[in-house]
Amino acid sequence: MSIKKVVKYGETSLRQPSKEVHKVSQKIKVLVEDLLDTMYKENGVGLAAPQIGENYRVFVIDVSTGDEPLNPIVFINPKIIKKSGAVISHEGCLSFPEAFTDVRRYANVMVKALDRNGRPFVLEAKDGSLLARAIQHEFDHLDGILFIDHVINRFEAEEVLKKCNLPSIDLEKILNEPELQKEIDVLLEEKLKKEAEQKKEN
């Protein structure tokens, strides 16, 4: 189909919630192909419809790497039906060129959605895998939520955005996730302990 321009952080459309797809019409099938073409052209792992200026509840993901064959997964009207555990995820986004920062994510998710032919499916992704994190990242886009809204260290993220000439974080959009944060704090503590032990050994 065609490669589309990726909407950059700062544009209002990224903050708008997307509409349900009532029918997997030819228009939606073309949108899916455009998302896949654009994602591959940009070397992305996932891409949501709002990122190419189409506010529909559709996203695509492909976590294949290296010599693995392409394995695109299409999600139409996705719903996360189960989530658990916590993981620190180092993420970027095609709408935030060159910007990466640590964010809070669930380690395990189960999602139900329609595929590109309108058939329902359920997919489970576990153990903080790239797929689990990508599903949450792209799903957020459909609700106008961005990865920086889950930021762990706001000041570090601000520096990154500044270096990349991107607008600063909207403090009102940062999500309050106390349960997830509690688990993240435990992970950060363990990480610090390990680092301290490694220093001792050296």
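See above for the structure.
Treat the numbers as computed from the prediction; the structure is a model and nothing was measured.

1. As for the side chain of Arg57
Logical step 1: Summarising the element assignment, Arg57 is placed in the loop between β1 (46–48) and β2 (58–61).
Logical step 2: Overall, the relative accessible area of 9% leaves Arg57 in the buried class.
Logical step 3: Separated by 3.1 Å, the side chain of Arg57 and the backbone oxygen of Leu142 make a polar contact.
Logical step 4: If near-sequence neighbours (up to four positions away) are discounted, Arg57 is found in contact with Ser18, Lys19, Glu20, Val21, Phe75, Ile76, Asn77, Pro78, Phe139, Leu142 and Asp143.

2. Looking at the pairing of strand β7 (residues 120–125)
Logical step 1: One ladder, built from six bridges, connects strand β6 (residues 108–114) with β7; its direction is antiparallel. Bridge pairing in β7 links Leu114 to Pro120.
Logical step 2: In this structure, the hairpin formed by β6 and β7 is closed by a connection of five residues, where Gly118 is found at a positive phi of approximately 85°.

3. What about the environment of Gln51?
Logical step 1: One can find Gln51 in the loop between β1 and β2.
Logical step 2: Owing to a relative accessible area of 1%, Gln51 belongs among the buried residues under this scheme.
Logical step 3: As for Gln51 and Ala99, which are separated by 48 residues in sequence, their C-alpha atoms are 16 Å apart.
Logical step 4: In this structure, Gln51 is in contact with Lys5, Val6, Val7, Leu14, Cys93, Leu94, Ser95, Glu138 and His141, ignoring residues within four places of it in sequence.
Logical step 5: A distance of 3.1 Å separates polar atoms of two side chains, one belonging to Gln51 and the other to Ser95.

4. Structural notes on the pattern of salt bridges
Logical step 1: Under the defined criterion, the tally for this structure stands at 10 salt bridges.
Logical step 2: As a salt-bridge pair, Glu20 and Arg57 come within 3.9 Å of each other at their nearest N and O atoms. Of this pair, Glu20 sits in the segment before α1 (26–41) while Arg57 sits in the loop between β1 and β2, and the two are 37 residues apart along the sequence.
Logical step 3: We classify Glu20 as partly exposed; its relative accessible area is 36%.
Logical step 4: A salt bridge links Arg119 to Asp115, with the shortest nitrogen-to-oxygen separation between them at 3.3 Å.

What counts and what doesn't
- Residues numbered from 1 in each chain as written.
- Predicted model: local features only at pLDDT ≥ 70, side-chain atom pairs only at ≥ 80, totals over all residues.
- Heavy atoms only, no water.
- Helix = DSSP H or I, 4+ residues; strand = E, 2+ residues; numbered from the N terminus.
- Buried < 20%, exposed > 50% of the residue type's maximum accessible area, 1.4 Å probe, protein only.
- Polar contact = N/O pair within 3.5 Å; in protein donor to acceptor, adjacent residues only side chain to side chain.
- Contact = heavy atoms within 4.5 Å.
- Pairing = 2+ DSSP bridges.
- Salt bridge = Lys/Arg side-chain N within 4 Å of Asp/Glu carboxyl O.

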